[in-house]
Amino acid sequence: MAIDPLMPVYPRCDVRPVRGEHCHLISEDGRRFLDFAAGIAVNILGHSHAGLISAIQDQAATLMHVSNLYGSPQGEKLAQRLVDLTFADTAFFTNSGAEAVECAIKTARAYHQHAGNEERYELITFNNAFHGRTMGTISASNQEKMHKGFMPLLPGFKYVDFDDLDAVKAAIGPHTAGFLVEPIQGEGGIRVASDAFMQGLRALADEHDLMLVLDEVQTGVARTGRFYAYELYGIEPDILATAKGLGGGFPLGACLATEKAARGMVFGTHGSTYGGNPLAMAAGNAVLDAVANDVFLASVVEKGERIKAGLAQFIGNYPDLFEQVRGHGLMLGLKMKIESRPFVTHLRDNHGLLTVSAGDNTLRLVPPLVIGDAEIDEFFERLSAGAASFTPPENA
Ligand SMILES: *Cc1c(COP(=O)(O)O)cnc(C)c1O
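Worth saying up front: this structure is predicted, and the values here are computed from it rather than measured. (Residues numbered from 1 in each chain as written. Predicted model: local features only at pLDDT ≥ 70, side-chain atom pairs only at ≥ 80, totals over all residues. Heavy atoms only, no water.)

1. Observations concerning the sheet that holds strand β2 (residues 24-27)
Within a beta sheet, neighbouring strands are joined by backbone hydrogen bonds and run either parallel or antiparallel to one another. Ordered in space as β1-β2-β3-β15, the 4 strands form an open sheet in which the pairing is mixed. Here the strands that pair on one side only, and so sit at the sheet edges, are β1 (17-21) and β15 (353-354). Where strand β3 (residues 32-35) meets β15, 2 bridges bridge the pair, whose relative direction is parallel. For L34, the partnering residue across the bridge sits in β15 and is L353. Its contacts with the sheet put helix α12 (residues 373-388) on β2, β3 and β15, and the angle it makes with β3 is roughly 110 degrees. (Pairing = 2+ DSSP bridges. Helix = DSSP H or I, 4+ residues; strand = E, 2+ residues; numbered from the N terminus. Contact = heavy atoms within 4.5 Å. Axes fitted to C-alpha atoms, helices over the stretch in contact; angles between N-to-C directions.)

2. Focus on the environment of T269
Checked against the element boundaries, T269 lands in the loop between β12 (253-257) and α9 (278-291). Given a relative accessible area of 33%, T269 falls into the partly exposed group. Once the C-alpha coordinates of T269 and K106 are considered, the two residues, 163 residues apart in sequence, prove to be 9.2 Å apart. Once you skip the residues sitting within four places of it in the chain, T269 turns out to touch K106 and G264. Reaching out from T269, the side chain makes a polar contact with the backbone oxygen of V266 at a distance of 2.7 Å. (Buried < 20%, exposed > 50% of the residue type's maximum accessible area, 1.4 Å probe, protein only. Polar contact = N/O pair within 3.5 Å; in protein donor to acceptor, adjacent residues only side chain to side chain.)

3. Thoughts on the UniProt feature "modified residue: N6-(pyridoxal phosphate)lysine" (unreviewed entry) in the protein chain
Per the UniProt record, the feature "modified residue: N6-(pyridoxal phosphate)lysine" (unreviewed entry) sits at K244. For K244, the location among the structural elements is in the loop between β11 (239-242) and β12. A relative accessible area of 19% places K244 in the buried class. The residues touching K244, leaving out its near neighbours within four places in the chain, are I40, A41, V42, E187, V217, Q218 and L252. (UniProt positions renumbered as here; feature names shortened; annotations may be inferred.)

4. Notes on the layout of surface pockets
Roughly 790 Å³ of internal volume is contained in the second largest pocket. Lining the second largest pocket are 27 residues, and of these N68, T90, A91, F92 and F93 sit closest to its centre. Mapped by element, the contributors of at least two residues to the lining of the second largest pocket are α3 (73-85), β4 (90-94), α4 (97-114) and β12. Ranked by residue count, the leading element in the lining of the second largest pocket is β4, at 4 residues. Across the lining of the second largest pocket, the residue classes tally to 13 nonpolar, 13 polar and 1 charged. (1 Å grid on protein atoms, 1.4 Å probe; cavity = no way out; pocket = protein on both sides within 12 Å on 5 of 7 lines; lining within 4 Å. Points joined across faces, edges and corners; volume = space filled by probe spheres on them. Nonpolar A, V, L, I, M, F, W, Y, C, P; charged D, E, K, R; others polar.)

5. Points about the nonpolar core
Grouped together as the largest cluster of nonpolar side chains are 79 residues, with contacts concentrated most on F197, L201, V291, I307, L311 and F379. Among the elements that line this core, the one with the most residues is α9, at 8 residues. Residue-level mapping places this core at the junction of two domains, with at least three residues from each of domain 1 (17-49 + 294-389) and domain 2 (63-291). Once residues lying within four places of it in the same chain are set aside, the contact partners of L311 are V325, L332, L334, L365, F379, F380 and L383. Core analysis: the second largest hydrophobic core is formed by 22 residues, Y111, F157, M211 and A243 among them. (Core = buried A, V, L, I, M, F, W, Y, C linked by side-chain atoms within 4.5 Å. Domains from an automatic or database assignment.)

6. Thoughts on the environment of T86
Take T86: it is sitting in the loop between α3 and β4. On the basis of relative accessible area, T86 is assigned to the buried category, the value being 13%. T86 sits 64 residues away from H22 along the chain, and the two C-alpha atoms are 29 Å apart. Residues in contact with T86, not counting those within four places in the same chain, are F227, Y228, Y230 and L256.

7. A word on the pattern of salt bridges
Here the structure, examined in full by the defined rule, presents 16 salt bridges. Residue D29 is joined to R31 by a salt bridge in which the shortest nitrogen-to-oxygen separation is 3.1 Å. In this structure R31 comes out as partly exposed when scored by relative accessible area, which is 30%. A salt bridge links D377 to R306; the nearest nitrogen and oxygen atoms lie 3.2 Å apart. Taken together, the positions of D377 in helix α12 and R306 in helix α10 (residues 294-315) put the pair 71 residues apart, joining distant regions of the chain. The partly exposed category is assigned to R306, whose relative accessible area is 29%. (Salt bridge = Lys/Arg side-chain N within 4 Å of Asp/Glu carboxyl O.)

Put into structure tokens, the structure is as follows:
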């Protein structure tokens, strides 16, 4: 039997979207779905945002790509905006989240090695983390399902339990370069780090001259109701990886850093052929036009609270199915008492609602940030009907 022309690494379902309309997807066979998956927290402006579409169309017709050999007015503009909006002094643009994390790892190592501390190369990372699928980023996670078949891993990562500050303290040694952490573990099951943990990491980094590196690939760009989730904790990182929502569907990521943290990232140390090309910059600028303002951020908080309150009430009706609602803004998780995957499938196939399963038996809800009241009402109708008609599989 011949291998599928699309390398068969994904168990693709039979929903085959061909068109997007705001917060809905229409499949090849004409079915219509409410999209609370949003391309896994990517399509923050939904599927037919006029500003994003025209920015990409105009830039495509003007200048798409020139490489990083030339000056970039488009890149300077987006970098300046990110610097003005965040802790950062500088940005490196990438095409994906994993590449943004790779740049963050290199920046943290270079911080120490540039100063002659060759021995400080190790990042402390966290159990059940997800940082991407490159060799470096799978090595940064303890998840064996991502390692199998790809050994050996890259050295330089030490895993400890998430949200366990004592474990972090015990793991710090002469090789430690810093910490790499998701403020809210996304793939890991919408697990929210405590204030004490995040503030403790900041204090440890200051005390030991270590880099606090945040993976905000999923939590970033208004997803939690803050522009970046570190704002929820009243701390600032040294280095941050961002992607997913940043291009609103156009592949775009960035590694942000303070001037101090980026001291090793000098001429010739890093690069990317496509990274930050004019087309990607147009998409990123259009996304920021829409989301990087207090009114938009407040709307995410308000919608998130409304959905969270509704979910808390809803799960009370199904104590055998659901355990807990967690998350911030429009990055929400329903922790289930059974495996979440069959329920995700049931909602999709029988109730036209797209969600994403995550670790720790969690149903992940990451809708476009532009959802309105009508979509929220529709969500609760579909979810309630789905829960009422659900029979868990025998072995779940
Ligand atoms: C999705 C994700 C990544 C990887 O992003 P890609 O664009 O798939 O490479 C890394 N870190 C986190 C936290 C993510 O959610």
